[in-house]
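Each chain, letter by letter, is given below.
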Amino acid sequence: MSQDKIDVKDVTPKTFNPKTHKGNGDRFNPSNRIYVRESKGTFQKLRRYGGWFLLLLFALVPWIPYGERQAVLLDIGNQQFNFFGTTLYPQDLTLLALLFMVAAFGLFFITTFLGRVWCGYLCPQTVWTFMYIWFEEKLEGSANKRRKQDSGKLSPNLIVRKGLKHVAWLAIALATGFTFTGYFVPIGALVSDFFTLNASFWPVFWVLFFAGCTYANAGWMRSIMCIHMCPYARFQSAMFDKDTFIVGYNSQRGETRGPRSRKADPKTLGLGDCIDCDLCVQVCPTGIDIRDGLQYECINCGACIDACDKTMDRMGYEKGLISYTTEHRLSGKHTKVMRPKLLGYGSVLLVMIALFFVQISAVDPAG
């Protein structure tokens, strides 16, 4: 198995790239802001539609009625966990342990197979961050414009636009706080009591607490969470192998990189297909250069793939210079999809799912 491990690569930045950061330093410095450029394409549509689906599911579930209460209510005060017609009690919490095990092995299985797609497409940090960036783009302008504005003096117009951005951010954060708390407290009464100043201390505290966390994480911290705080980025390497699908750059095809005109023949110039436009870096939400190889900060969102494919299309080159691929495929070898590690995670996952359904079928719906 040792020969299947991915080789360690030194990706220490050799030069600072001013196109993606503000000030001096590197991407590992939390004080350096990353100005994420908008990226459009197939994978960004998939990420956006998936994010909207999850957001709507998250927002609507607490409002679904069931009889005289809401369908999903985790009533901690009364030690009752209601899921439509089923009520669970503390003695049934072995189901929660099984559910966590299903989620864990599901994550292990997906990571071994498709890398950090959870981070790039489904993680709440990513979904909310891209939503906040969308408002930033619409109200303050493109990444280049925002960088230029932030390096100069504040104008009255910019103050208004930044103010509107923060109002939008706070509105989303507050709605998130209400929704999350509404899974534990009847959401209709929560909203009504909050705005009529009749709510008790703890519901108000949790609404404001989760609103503050949303505002700070998605509005200000962003990639800091992915690079410095998320434990998943640290232990994912234990699940990766050379057959794991990752976002990868085909250096054999792309090097030697360099600018050229559309009509020029890169072979005549001794160049590869990469025109060194740096768009792959500018659209990356964590500020990495995927051309340096596999890095733990990569969240597999595919933004660099869409940006590069558009560049290849404009140049008249074949798409796929950056793509979802494997280390084996990049080195010209065959990729083995069905392999012992993946089959092992899949088998345990199926066992955990079966145990969960056996246990839940034995629960008395009436409690």
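Our structure's up above, just so we're on the same page.
These remarks concern the structure in this document. Along each chain, numbering runs from 1 in the same order as the chain's sequence is written. Residue-level local features of this predicted model are given only where pLDDT is at least 70; pairs of side-chain atoms are given and counted only at 80 or more, and the full residue set underlies all totals for whole chains, interfaces and linings. Side-chain calculation: all heavy atoms of the structure are included, whereas hydrogens and water are not.

**Description of helix H1 (residues 42–60)**
Moving on, step 1. Between its first and last C-alpha, H1 extends 27 Å over 19 residues, near the 27 Å set by a 1.5 Å rise per residue.
Moving on, step 2. Burial classes: relative accessible area under 20% of the type maximum marks a residue as buried, over 50% as exposed, and values in between as partly exposed (1.4 Å probe, protein chains only). Strands are runs of DSSP state E lasting at least two residues, helices are runs of H or I lasting at least four, and both sets are numbered from the N terminus onward. Gln 44, Arg 47, Gly 51 and Leu 55 are the residues of H1 that are buried. Looking straight down H1, one finds its buried side chains confined to an arc of 65°; they lie on one side. Exposed residues on H1 whose side chains face more than 90 degrees from its buried face are Thr 42, Leu 46, Tyr 49, Phe 53 and Leu 60.
Moving on, step 3. Looking at the packing, one finds that the buried side of H1 touches helix H3 (117–122), helix H4 (124–140) and helix H14 (303–315). In this scheme, a helix's expected span is set at 1.5 Å multiplied by one less than its residue total. This arc describes the spread of directions from the helix axis toward the C-beta atoms. Throughout, a residue-residue contact means that at least one pair of heavy atoms, one from each residue, lies within 4.5 Å.

**Let's talk about the pattern of salt bridges**
Moving on, step 1. Note on definitions: salt bridges are taken to be side-chain nitrogens of Lys or Arg within 4 Å of carboxyl oxygens of Asp or Glu. Using the criterion set out here, one finds 15 salt bridges in the structure.
Moving on, step 2. The salt bridge involving Arg 222 is made with Glu 136; its shortest N-O contact spans 3.1 Å. Taken together, the residues Arg 222 in the loop between helix H8 (201–221) and helix H9 (223–229) and Glu 136 in helix H4 connect sequence positions 86 residues apart. Of the two residues, Arg 222 and Glu 136, both sit in the buried class.

**Considerations on unusual backbone geometry**
Moving on, step 1. Cis geometry is found at the peptide bond from Glu 255 to Thr 256, where omega equals 0°.
Moving on, step 2. Mapped onto the secondary structure, Thr 256 falls in the loop between helix H11 (251–254) and helix H12 (266–269).
Moving on, step 3. Non-glycine residue Arg 222 carries a positive phi angle of around 50°.

**Considerations on a nonpolar patch on the surface**
Moving on, step 1. Together, Phe 201, Trp 202, Phe 205, Trp 206 and Phe 209 make up an exposed nonpolar region whose accessible area comes to about 550 Å².
Moving on, step 2. Topologically, Phe 201 is positioned in helix H8.
Moving on, step 3. The exposed category is assigned to Phe 201, whose relative accessible area is 57%. Patch members must show over 30% relative accessible area and no salt bridge, and they are joined within 9 Å when carrying like charges or within 5 Å when they are nonpolar side chains of Val, Leu, Ile, Met, Phe, Trp or Tyr. To measure how exposed things are, a 1.4 Å probe is used in the Shrake-Rupley method; for residues, cover is taken only from the protein chains shown.

**Here's the deal with a positive patch on the surface**
Moving on, step 1. A surface patch of positive charge is lined by Arg 37, Lys 40, Lys 45, Arg 48, Lys 138, Arg 262, Lys 310 and Arg 314.
Moving on, step 2. At the level of secondary structure, the elements contributing two or more residues to the positive patch comprise H1 and H14.
Moving on, step 3. Structurally, the position occupied by Lys 40 is in the segment before H1. Only four residue types enter the charge count, namely Lys and Arg as positive and Asp and Glu as negative; His and the chain termini do not. Just so you know, the charge point we use is NZ for Lys, CZ for Arg, CG for Asp and CD for Glu.

**Details of the sheet that holds strand E4 (residues 80–83)**
Moving on, step 1. Criterion used throughout: strands pair if DSSP finds at least two bridges between them. Read across the open sheet, the 3 strands follow the order E3-E4-E5; overall the sheet is antiparallel. This sheet does not close on itself; its edge strands, each paired only once, are strand E3 (72–75) and strand E5 (86–88). With direction set aside, neighbouring strand axes in the sheet form an average angle of 15°.
Moving on, step 2. Strand direction decides the pairing type here: E4 and E5, joined by 3 bridges, are antiparallel. Bridged to Phe 81 within E5 is Leu 88. Note on definitions: angles span 0 to 180 degrees between N-to-C directions of axes, and those axes are lines fitted to C-alpha atoms, for helices only across the stretch in contact.

**Comments concerning the layout of surface pockets**
Here the idea is plain: a probe the size of a water molecule rolls over the atoms and shows the empty space left.
Moving on, step 1. Points on a 1 Å grid, built from protein atoms alone, make a cavity when a 1.4 Å probe fits but cannot get out and make a pocket when they are open with protein on both sides within 12 Å along at least 5 of 7 lines; residues with an atom within 4 Å of a point are the lining residues. Grid points are joined across faces, edges and corners, and a volume is the space filled by probe spheres set on the points. Of the voids in this model, the largest pocket is the one considered here, and its volume is about 1500 Å³.
Moving on, step 2. In this classification, Asp, Glu, Lys and Arg are treated as charged, Ala, Val, Leu, Ile, Met, Phe, Trp, Tyr, Cys and Pro as nonpolar, and every other residue, Gly included, as polar. The residue makeup of the lining of the largest pocket, split by class, is 28 nonpolar, 6 polar and 1 charged.

**Focus: the environment of Lys 40**
Moving on, step 1. Its relative accessible area of 48% is what places Lys 40 among the partly exposed residues.
Moving on, step 2. Along the primary structure Lys 40 and Val 348 are separated by 308 residues, whereas in three dimensions their C-alpha atoms are 38 Å apart.

**Observations concerning the packing of aromatic side chains**
Moving on, step 1. A pair of aromatic rings is counted whenever rings of Phe, Tyr or Trp (Trp by its six-membered ring) have centres within 6.5 Å, and the orientation is called stacked for planes under 30 degrees apart, edge-to-face for over 60 and tilted otherwise. All told, the structure shown has 26 aromatic pairs when counted by the stated rule.
Moving on, step 2. For the pair Phe 113 and Phe 245, a centre-to-centre distance of 6.0 Å together with 90° between the ring planes defines the contact as edge-to-face. Here Phe 113 is found in helix H2 (residues 94–114), whereas its partner Phe 245 is found in the loop between helix H10 (232–235) and strand E6 (246–249), with 132 residues between them in sequence.
Moving on, step 3. Its relative accessible area of 14% is what places Phe 245 among the buried residues.
Moving on, step 4. Considering the side-chain rings of Phe 194 and Phe 195, the 5.2 Å spacing of their centres and the 75° angle between planes classify their relative orientation as edge-to-face.
Moving on, step 5. Here Phe 195 falls in the exposed class, since its relative accessible area comes to 57%.
Moving on, step 6. Ring pairing ties together the aromatic residues Phe 180, Phe 184, Phe 201, Trp 202, Phe 205, Trp 206, Phe 209 and Phe 210, which thus form one cluster.
Moving on, step 7. Whether a charge sits over a ring comes down to the Lys NZ or Arg CZ being within 6 Å of the ring centre and within 35 degrees of the ring normal. Positioned over the ring face of Phe 130 is Arg 47, at 3.8 Å from the centre of the ring.

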